[in-house]
Amino acid sequence: MPLSKLQFNPGINKEITQYSNEAGWNDCDKVRFRQGYPEKIGGWRRYGKNTFTGVCRSLHQWVSNAFVKYIGLGTNVKFFIEEGTVYYDITPIRLTATLGSNPITTENTKTSVTVAHTTHGATLGSYVTLSGVSGTINNVPASDLNKEHVITEIVNANSYKIVVATTANGDGAGGGGSVVATYQVNAGPDFQIPTQGWDSEVWGSAGDSSSTWNGSAGGTEELRVWNQANFGEDLIIGPRGGELYYWDTSAGTGTRAVTVKNVNNGTAVSLTKTSTGSIIESAPYITNIDAAVGKTIRIGAVVTCTTADRIPAGTTVVSVSANSQVVNISQNPINTGVNPIHGLTYNFDDNPISVAGNSKTITVFDPTLERVYEVGQHVTLAGATTIYGITASVINQRHKIATVDSAANTYTIDIADAEPASTTASGGGSSVTAQYELSAEVPVVQNHLLVSDSSRFVFCFGTNEFGDTTEKLNPMLIRWSDQEDMFDWRPRSTNQAGDIQLSQGTEIVTTLQSRQEILVFTDAALYSLQYVGAPVVWSSQLMGANMSVISSKAAAYANGVAYWMGVGKFYKYDGTVQPLRCDVRKFVFDDMNPGQQGQVFAGSLEEYHEIWWFYVSKSNTAKVAPDKYVVYNYAEDIWYIGTLDRSAWLDSPINDFPLAATNTYNLVEHENGNDDGQADTNSPINAYITSGRFGIESGNSFTFVDKLIPDMSFVGSDSDAPSVDFTILAENEPGSLDHASVGGGSEREVQVSTEIDNYTDIVNIRMRGRDMALKISSDSAGTRWQLGTPRLNMRPDGRRGAK
């Protein structure tokens, strides 16, 4: 008979049996298809030798205005900025507190020490930096303690443990009275922990007699996933279910991200204007005032002199003249017999805080700000004295502005912790300062964030409602800031801040920015947000219902189309929502660990027209990162699968190669080289592809094969002698177990394996079976290969087989 060409349909099909898939490919690993023919995927190389801390689940790359290339990495315990393959820790600070006297307790012969802090709010695995520890505590030096630590045990709500380098030689407490604990944002779990059921926590893990599941989790341990987006050259980040944070690129990698609501509006301002000057007793003015101060002194301000008996009580400012250096006042200075008097210090608007009898509300006077006061903005007061029963300790804190009187240049603050004022009066002294923040009613919790391409609106998806004092997350609420202003979230007729409440589903899962719209995925529907301008600003339209998305990172956008993995199927959106035909659907979802669906993430590989999804398989007992992948080639409408440990993916045009985060806490560049360069030493990549079963006469007769003519390309290989293994697998019947192998013995399959290299033209073989399959595999370093159309010399060989 003539030679038979082995041409198989492109892509992997596991929806049918290997025998039924006679004209296709059945299985593969680390193999893709190009123009219908299989080839080994490219290798990967380590992106620098440094590592980061935690499991990375978010990657984002951008270039600053100074042309510095940055990568943002969000892990389950920290957030890093990468520059020049160095990882800088910019994890936001959750809390800074001065601890009580001698808060450090050691245990004899142990390196574990206990830190006492009432209602510390920390979680296991989170990071704290101690400072101000003085002296040696039972052989443990202060230098062991005054540094960053990971919290290794939560003793209770008021104490936790850390580990130090030096072993204690006794029991006891110490550290002094000036120990400061600076807590980073609490760490999240390194894999998805169900909030109830058998996979939550061990029985009675609460450490009490409740005998309940998930005692220590409290039903709140959700996979830590960071969201990030650029606002200009700066970065906005936020962990799912957490606050919004802001990292100022110009401040450098040595600074941490801060909460958006806490970004300062310049430096603190003094509410009392102070300057030195001169007076003449017979003339109602003060001369030689500092011009910078003079420009800010208001008409009607009360003026006093720090030297007694110089200015009559109740004297006010009438005008400021002579280049802001002469202050005209309402009364002549007091006659002291000295004329003129130079170098006196004058205060304008002492006691800028007013209180009302039997009220906890204070009114703050400040005419100095250039930015308009806004309800919902935050301000931190300092330097105030106790004012008629409202103590300095409750005044000198961070507050939210309750009401504003622009005409009077005042705002009010409600202080719930204060005792009511005993009378109506003004006070606070002459040293009150106010540190204003830029934000007004910024969301304090969010499940997803995005900065729109259209006019730079900052969006929060699944967030707290405007004006909700409980600041509780509404999972179907969308809010956006004013245009080009990430700090102004209060809807007004003069801005474009606003919100939308969606209805289809129970929570917003993720979003994508497309060419002309923002796609919003709930757990049951897909919405389109489009900019329409004031007064509506952003309108929503339901694009698809009765669908799903499996995780917050499961969607990718490529070539004008959105692709995502749902629960049990795949989808695409190109103007309409459509389920994707998938030849590996049953295999993937049967193979997936259902308790780790939150770890699924998608990434594009534009060079090869591919969308990759990574997932945790049932065989992955560690569960801390996905170990399997499934690929959709949208140019050829085919699928393929494989194994690879990755936790995040980024196909950025800024970088020369796609980047991925590994389970060894570093980044690798994919499609770079031909080998596995994840470690210090390169190792070969094991790749293979196996066909469906084929034969002659539908298996009525046995098939005898005696020649193989391979068709392989090794273009792009680094090795001087690249090769692959050709294996032909033969069976008597599908499922047979007792067919004798060529080499003797009892095996399920007869197989002939031969090595093929650049110079192999024909291989003489001898094998027999009713149906056969072809397997191409490689495990040698430096090898890149593509399969063409191999040929076999096959002929019928009778109908009876050996038993």
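The model shown is predicted, which means the values in this text are computed figures rather than measured ones. (Residues numbered from 1 in each chain as written. Predicted model: local features only at pLDDT ≥ 70, side-chain atom pairs only at ≥ 80, totals over all residues. Heavy atoms only, no water.)

## Concerning the overall build of the protein
Step number 1: In terms of regular secondary structure, the protein is built from 4 helices and 67 strands.
Step number 2: For the protein, the C-alpha radius of gyration of 35 Å lies well beyond 28 Å, the compact-globule estimate for 803 residues.
Step number 3: In terms of principal-axis extent, the alpha carbons of the protein reach across some 135 × 70 × 55 Å.
Step number 4: Put simply, the protein has 803 residues, and 52% of those count as buried.
Step number 5: Excluding contacts between residues fewer than 6 apart, the proportion of contacts in the protein whose partners are at least 24 apart in sequence is 64%.
Step number 6: Only carbon and sulfur atoms are counted for the fraction: they give 47% of the accessible area of the protein, which is about 33,700 Å². (Helix = DSSP H or I, 4+ residues; strand = E, 2+ residues; numbered from the N terminus. Rg over C-alpha atoms; globule rule 2.2 N^0.38 Å. Buried < 20%, exposed > 50% of the residue type's maximum accessible area, 1.4 Å probe, protein only. Contact = heavy atoms within 4.5 Å. Areas by Shrake-Rupley, 256 points an atom, 1.4 Å probe, with all protein chains shown as cover.)

## With respect to the pattern of salt bridges
Step number 1: In this structure the tally under the stated criterion is 28 salt bridges.
Step number 2: Here Lys78 ties to Glu148 by a salt bridge, and the two come within 3.1 Å at their closest N and O atoms. Residue Lys78 is found in the loop between strand S7 (69-75) and strand S8 (79-83), and its partner Glu148 is found in strand S14 (residues 148-150); the two are separated by 70 residues along the sequence.
Step number 3: Exposure remark for Lys78: the relative accessible area of 2% places this residue in the buried category. (Salt bridge = Lys/Arg side-chain N within 4 Å of Asp/Glu carboxyl O.)

## Brief notes about the sheet that holds strand S51 (residues 610-615)
Step number 1: Spatial strand order, S50-S51-S52-S53: 4 strands in an open sheet with antiparallel pairing. Both outer strands of the open sheet, strand S50 (601-605) and strand S53 (638-643), are each paired with one neighbouring strand and no more. Each strand of the sheet is rotated relative to its neighbour by a mean of 20°, with strand direction disregarded.
Step number 2: Bridge count between S51 and strand S52 (residues 628-633): 6 bridges; the pairing is antiparallel. Following the sheet pairing, Trp612 is matched in S52 by Val631. (Pairing = 2+ DSSP bridges. Axes fitted to C-alpha atoms, helices over the stretch in contact; angles between N-to-C directions.)

## Here we look at the nonpolar core
Step number 1: Among the nonpolar cores identified, the biggest contains 83 residues, and Trp564, Met565 and Trp613 are the most heavily contacted of them.
Step number 2: Counting 22 residues, the second largest nonpolar core, distinct from the first, contains Leu271, Ile353, Val355 and Ala434. (Core = buried A, V, L, I, M, F, W, Y, C linked by side-chain atoms within 4.5 Å.)

## Details of the pairing of strand S56 (residues 667-670)
Step number 1: Across the two faces of S56 the burial is the same, with Leu667 and Glu669 and Val668 and His670 all buried.
Step number 2: Pairing of strand S55 (residues 659-661) with S56 involves 3 bridges; the strand directions are antiparallel. Note that in S56 the partner of Ala661 across the bridge is Leu667.

## Regarding the packing of aromatic side chains
Step number 1: Enumeration according to the criterion identifies 32 aromatic pairs in this entry.
Step number 2: The interplanar angle of 10° and the centroid separation of 4.9 Å between the aromatic rings of Phe601 and Phe614 together place this pair among those described as stacked. A residue pair is termed long-range when its members are at least 10 positions apart, and Phe601 in strand S50 and Phe614 in strand S51 qualify at 13 residues. Of the two residues examined, Phe601 and Phe614, each falls in the buried class.
Step number 3: Plain terms: the ring middles of Trp612 and Tyr629 are 4.6 Å apart, the flat faces sit at 35° to each other, and that makes the pair tilted. Note that Trp612 is positioned in strand S51 and Tyr629 in strand S52, a separation of 17 residues in sequence. Across the pair, Tyr629 and Trp612 agree in class, each one buried.
Step number 4: Sitting over the ring of Tyr127, Lys78 keeps its end group 4.1 Å from the ring centre. (Phe/Tyr/Trp six-rings, centres within 6.5 Å; stacked < 30°, edge-to-face > 60°. Lys NZ or Arg CZ within 6 Å of the ring centre and 35° of its normal.)

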